[in-house]
Amino acid sequence: MSVPQQPQQALPTIAAILNHQQKTGVVGAGAGGSMAMPSSAKPKTKSRSSCWLLQPRQLNNICIVFAELIATAMLMFLGCMGCIENSFFSNSNFQSALNFGFVVLICIQCFGCVCGAHLNPAVTLANYIYNMISLPMAISYFVAQMVGAFIGYGLLKAVMPESAIYSSSSSSGVCVTSLHSSLTGLQGAVIEFLITSALIAICCGVWDPRNAKNQDSVPVRFGLAIACLSLTAGQFTGASMNPARSFAPAIWNGAWENHWIYWVGPLAGALVSSLIYKYAFRREVQAQEEQESTMSTKRTSELEFA
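A brief structural summary. (Residues numbered from 1 in each chain as written. Predicted model: local features only at pLDDT ≥ 70, side-chain atom pairs only at ≥ 80, totals over all residues. Heavy atoms only, no water.)

Description of the pattern of salt bridges
Here is step 1 of the chain: Under the definition given, this model contains 2 salt bridges.
Here is step 2 of the chain: Note that D208 is salt-bridged to R210, the shortest N-O span being 2.8 Å.
Here is step 3 of the chain: Its relative accessible area of 38% is what places R210 among the partly exposed residues. (Salt bridge = Lys/Arg side-chain N within 4 Å of Asp/Glu carboxyl O. Buried < 20%, exposed > 50% of the residue type's maximum accessible area, 1.4 Å probe, protein only.)

As structure tokens, this is what we get:
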């Protein structure tokens with residue numbers, strides 16, 4: 001009687017084993033049982049270039065914020081130095097207004113290509129509403145402006161004698177924005193609201209896509225605009241238009257009387273003016289070109305049928 005044969009199991013070939021080992025990453029085992037690790041399974045070490053500080057985008061953001069800080073410090077140091085008035089140094093509202101306008105011109109010319117040279121939380125707020133800056137960058141700008149203004153005014157106090165900082169014409173401290181005694185707090189806030197609205201309207205006009213090709217004289221435009229607005233309202237509220245510009249002298253000299261005016265007025269003016277310009281006046285260049293092309297085609301068709 002024949003013994004029934006057991007069904008033969010298919011034995012794996014050497015090629016199949018090697019193929020399986022290559023797929024699983026096990027290319028061989030030594031006498032000690034240790035297996036060589038494939039190159040893809042080796043622990044990866046981060047290179048120096050992968051550090052976030054060395055990434056181009058983060059480096060660019062750091063440079064932008066640092067430039068904004070320096071520009072605002074320059075604004076406070078040079079601008080407030082031009083406002084010094086005592087028995088030795090004569091001054092006037094005209095001179096102070098013109099000086100601040102020229103200082104803004106210098107700051108924009110130096111740092112406008114780097115950070116835009118906002119110099120002002122109200123301008124940064126309008127820039128954010130205009131969808132030209134992200135919220136994290138807007139906050140970074142705000143911090144840089146406040147710190148820069150603090151440093152700039154501190155340098156002024158460090159290099160100038162006390163008689164230049166405090167005098168009969170500026171008992172609270174030079175460059176401290178104060179409300180005229182004949183005005184109420186509400187009137188002062190409205191004045192700051194209106195002149196800041198005019199400033200932000202100028203900013204929105206410069207940022208308008210239709211005005212993108214006309215950027216050569218931007219520093220001059222803003223410098224003259226600041227000088228004009230300062231000449232107009234300087235004798236009534238100090239024509240701050242800038243919370244950082246008012247905050248630094250106030251914190252260094254402890255002068256907080258009517259200080260809320262220089263936050264509520266400019267920020268409210270920036271908010272309202274930028275929203276009105278954005279939704280009422282702003283037009284995209286592409287849409288404008290399409291509209292002009294359509295109108296030109298329509299005129300051509302009318303002439304052909306005439």
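From this point, things continue past the structure.
Examining the side chain of H118
Here is step 1 of the chain: Relative to the elements of secondary structure, H118 occurs in the loop between α3 (93-115) and α4 (121-129).
Here is step 2 of the chain: Owing to a relative accessible area of 9%, H118 belongs among the buried residues under this scheme.
Here is step 3 of the chain: Of the polar contacts made by the side chain of H118, one reaches the side chain of T124; its length is 3.0 Å. (Helix = DSSP H or I, 4+ residues; strand = E, 2+ residues; numbered from the N terminus. Polar contact = N/O pair within 3.5 Å; in protein donor to acceptor, adjacent residues only side chain to side chain.)

Side note on unusual backbone geometry
Here is step 1 of the chain: In the Ramachandran plot, A117 falls in the positive-phi region, its phi being about 50° despite a non-glycine side chain.
Here is step 2 of the chain: Residue placement: A117 occurs in the loop between α3 and α4.
Here is step 3 of the chain: Phi is positive for L119, which is not a glycine, with a value near 65°.
Here is step 4 of the chain: Assessed through its relative accessible area of 4%, L119 is described here as buried.

Re the state of the cysteines
Here is step 1 of the chain: Counted by the stated rule, this structure contains 1 disulfide.
Here is step 2 of the chain: Bridging C80 to C175, the disulfide has an S-S length of 2.3 Å. With the S-S bond torsion at -75°, the cross-link from C80 to C175 turns out left-handed. Here C80, found in helix α2 (residues 56-81), pairs with C175, found in the loop between α6 (162-165) and α7 (185-207); they are 95 residues apart in sequence, far enough to count as distant. As far as the burial class goes, C80 and C175 line up, both buried.
Here is step 3 of the chain: You can see C110 has no disulfide; the closest cysteine sulfur is in C107, sitting 6.9 Å from it.
Here is step 4 of the chain: For C203, which is in no disulfide, the shortest distance to another cysteine sulfur is to C204 and amounts to 6.7 Å. (Disulfide = S-S within 2.5 Å.)

Things to note about the packing of α4 against α7
Here is step 1 of the chain: Between α4 and α7, whose axes approach to 10 Å, the crossing angle comes to 45°. If you check the angle between α4 and α7, you find them oblique. Two packed elements cross with a definite hand, and for α4 against α7 that hand is right-handed. On α7, the residues touching A122, V123, A126 and N127 of α4 are T196, I200, C203 and W207. (Axes fitted to C-alpha atoms, helices over the stretch in contact; angles between N-to-C directions. Parallel < 35°, antiparallel > 145°, perpendicular 65-115°, else oblique. Left-handed = near helix turned anticlockwise from the far one by under 90°. Contact = heavy atoms within 4.5 Å.)

A look at the packing of aromatic side chains
Where two aromatic rings form a pair, the distance of their centres and the angle of their planes describe that pair.
Here is step 1 of the chain: The full count for this structure, using the stated rule, is 7 aromatic pairs.
Here is step 2 of the chain: Ring centres of Y130 and W207 lie 5.8 Å apart, and the angle between their planes is 50°; on these two criteria the pair is classed as tilted. A residue pair is termed long-range when its members are at least 10 positions apart, and Y130 in the loop between α4 and α5 (135-159) and W207 in helix α7 qualify at 77 residues. The pair Y130 / W207 is uniform in exposure class, with both members buried.
Here is step 3 of the chain: Here F247 and W263 contribute two aromatic rings whose centre-to-centre distance is 6.2 Å and whose plane-to-plane angle is 80°, an arrangement assigned as edge-to-face. Taken together, the residues span a long stretch of sequence, with F247 in helix α9 (residues 243-253) and W263 in helix α10 (residues 261-281) at a distance of 16 residues.
Here is step 4 of the chain: Taken together, the aromatic side chains of Y130, W207, Y277 and F281 make up a single cluster linked through ring pairs. (Phe/Tyr/Trp six-rings, centres within 6.5 Å; stacked < 30°, edge-to-face > 60°.)

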